[in-house]
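Tertiary structure, described
These are the residues of each chain, in order.
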Amino acid sequence: MSETDPSGPTPQHVAIIMDGNGRWAASRDRPRAFGHRKGVEAVREAVRAAGELGVRHLTLFSFSTENWSRPAAEVEALFELLRRFVAADLDRLHAEGVRVRILGRREGLSEELLKLIETVETRTEANDAFSLNIAFNYGGRDEIVRAARRAAVALDGDLSALTEADFGQYLDTAALPDPDLVIRTSGEYRISNFLLWQAAYAEFVFMDILWPDFDKAAFQRAIAEFASRDRRYGGVRHG
Ligand code: IPE
Ligand code: IPE
Ligand code: MG
């Protein structure tokens, strides 16, 4: 049961749009890459806190299909952080029983990065204590289009009997429950192409805090806010 609110429900799957690294760095007169490096520390803290708070699946938006429009040096810095995160944290995550998945488009990634993704996913595939999903080169529309193509190939072009549940099996998140809670930091109120299909009935919590400052206390606040919501799924208020 959640440490935050023993009477409230804990979200099983939390997804986070980790935003605000650049502004965090700018407010300290430092380059954006400095903010991204601090952002990785907040990632470590979020993974630890999620486990402690009873969350089972954590999905983090770390590079979007639209982030390619940033200066090449920043794109390279973001890619380098993924490599370093894997180099520094994979052994520990594996020892803790964390299953790591990388969601997103594989096309456009280097052979070396594809190999790294393969290593991470195969090494941790038998783990089931916690699932960490990193959305990297991910866009919700791109994922839906890729899923539609996969479905068409698998079903020989006949999609006439395709159900929502069937379609979900062609998404990158096939093995995951839908997120119950989507958090966005940095005070922006938008979804920026994240989990468009899966977030159909998620609760959204928008926080002013910049991602490098996100810590367990902030995570607890988001979960407490989630617990206070009445999820009606199109029905009527319960009780
Ligand atoms: C991190 O924050 C999100 C990523 C794309 C890695 P930003 O880099 O978007 O920081 P802001 O929004 O410019 O402050
Ligand atoms: C969303 O943040 C993408 C990630 C957190 C990886 P952005 O900073 O790219 O989103 P916009 O540009 O504010 O919509
Ligand atoms: Mg941003």
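Note: the structure precedes this text.
Residues numbered from 1 in each chain as written. Chains lettered and ligands numbered in written order. Predicted model: local features only at pLDDT ≥ 70, side-chain atom pairs only at ≥ 80, totals over all residues. Heavy atoms only, no water.

Some points on the overall build of the protein
When helices and strands are counted, the protein shows 7 helices and 6 strands. If you list the helices and strands of the protein from N to C, you get β-α-α-β-α-β-α-β-α-α-β-β-α. Its C-alpha atoms give the protein a radius of gyration of 18 Å, within 12% of the compact-globule value 18 Å for 239 residues. Expressed along its principal axes, the backbone C-alpha trace of the protein runs to roughly 55 × 50 × 35 Å. The burial tally for the protein puts 47% of its 239 residues in the buried class. Here the contacts in the protein between residues at least 6 apart in sequence split such that 76% fall between residues at least 24 apart. Working note: accessible area of the protein is about 12000 Å², and carbon and sulfur atoms make up 51% of it. Across the protein, the mean location of the 31 positive side-chain charges is 4 Å away from that of the 37 negative side-chain charges. (Helix = DSSP H or I, 4+ residues; strand = E, 2+ residues; numbered from the N terminus. Rg over C-alpha atoms; globule rule 2.2 N^0.38 Å. Buried < 20%, exposed > 50% of the residue type's maximum accessible area, 1.4 Å probe, protein only. Contact = heavy atoms within 4.5 Å. Areas by Shrake-Rupley, 256 points an atom, 1.4 Å probe, with all protein chains shown as cover. Lys, Arg positive; Asp, Glu negative; His and termini not counted. Charge placed at Lys NZ, Arg CZ, Asp CG, Glu CD.)

Some remarks on the site of ligand 2
Around ligand 2 sit Ile17, Met18, Asp19, Phe61, Ser62, Phe63, Asn67, Arg70, Arg184, Arg190 and Ser192, and those are all the residues in its vicinity. Contact distances for ligand 2 include 3.3 Å between an oxygen atom and a side-chain N or O atom of arginine 184. At a separation of 2.6 Å, an oxygen atom of ligand 2 approaches a polar side-chain atom of serine 192. Notes on ligand 2: free accessible area 390 Å², of which the protein chains cover 78%. In terms of residues, the shell around ligand 2 owes the most to one element, strand β2 (residues 57–64), which gives 3 residues. Broken down by class, the residue content of the shell around ligand 2 amounts to 4 nonpolar, 3 polar and 4 charged. (Near = heavy atom within 4 Å. Polar contact = N/O pair within 3.5 Å; in protein donor to acceptor, adjacent residues only side chain to side chain. Nonpolar A, V, L, I, M, F, W, Y, C, P; charged D, E, K, R; others polar.)

Focus on the nonpolar core
Ranked by size, the top nonpolar core spans 46 residues in total, and within it Ile16, Leu58, Leu132, Phe136, Ile183, Phe214 and Phe219 carry the most contacts. Ranked by size, the runner-up nonpolar core spans 11 residues in total, among them Ala15, Ile17, Tyr138 and Val182. (Core = buried A, V, L, I, M, F, W, Y, C linked by side-chain atoms within 4.5 Å.)

Some details on the site of ligand 1
Residues in close proximity to ligand 1 include Met18, Asp19, Gly20, Asn21, Gly22, Arg23, Arg32, His36, Ser62, Asn67, Arg70 and Leu78, which together make up its full environment. Contacts to ligand 1 include arginine 32, whose side-chain N or O atom sits 2.9 Å from an oxygen atom. Protein coverage of the free-state accessible area of ligand 1, which is 380 Å², stands at 87%. Sorting the residues of the shell around ligand 1 by element identifies α1 (21–26) and α2 (32–52) as the ones contributing at least two each. With 3 residues, α1 is the single largest residue contributor to the shell around ligand 1. Here the residues of the shell around ligand 1 are counted per class, giving 2 nonpolar, 6 polar and 4 charged.

A word on unusual backbone geometry
Peptide bonds are mostly trans, and most non-glycine residues show a negative phi. Phi is positive for serine 186, which is not a glycine, with a value near 85°. With respect to the helices, strands and loops of the structure, serine 186 is situated in the loop between β5 (181–184) and β6 (203–206). Note on serine 186: relative accessible area 7%, which makes it buried. We note that tyrosine 233 has phi near 50°; this positive angle belongs to a residue other than glycine. Considering the arrangement of structural elements, one finds tyrosine 233 in the segment after α7 (216–227).

Section: the pairing of strand β1 (residues 13–17)
When you tally the buried positions in β1, you get 5 out of 5 residues, the bulk of the element. Residue alternation in β1 divides its side chains into two sets, His13, Ala15 and Ile17 and Val14 and Ile16, and both sets are buried. Pairing between β1 and β2: 5 bridges, direction parallel. Bridged to histidine 13 within β2 is histidine 57. Two strands pair when backbone bridges link them, and β1 and β5 are joined in this way by 4 bridges, in the parallel orientation. Paired with valine 14 across the bridge in β5 is leucine 181. (Pairing = 2+ DSSP bridges.)

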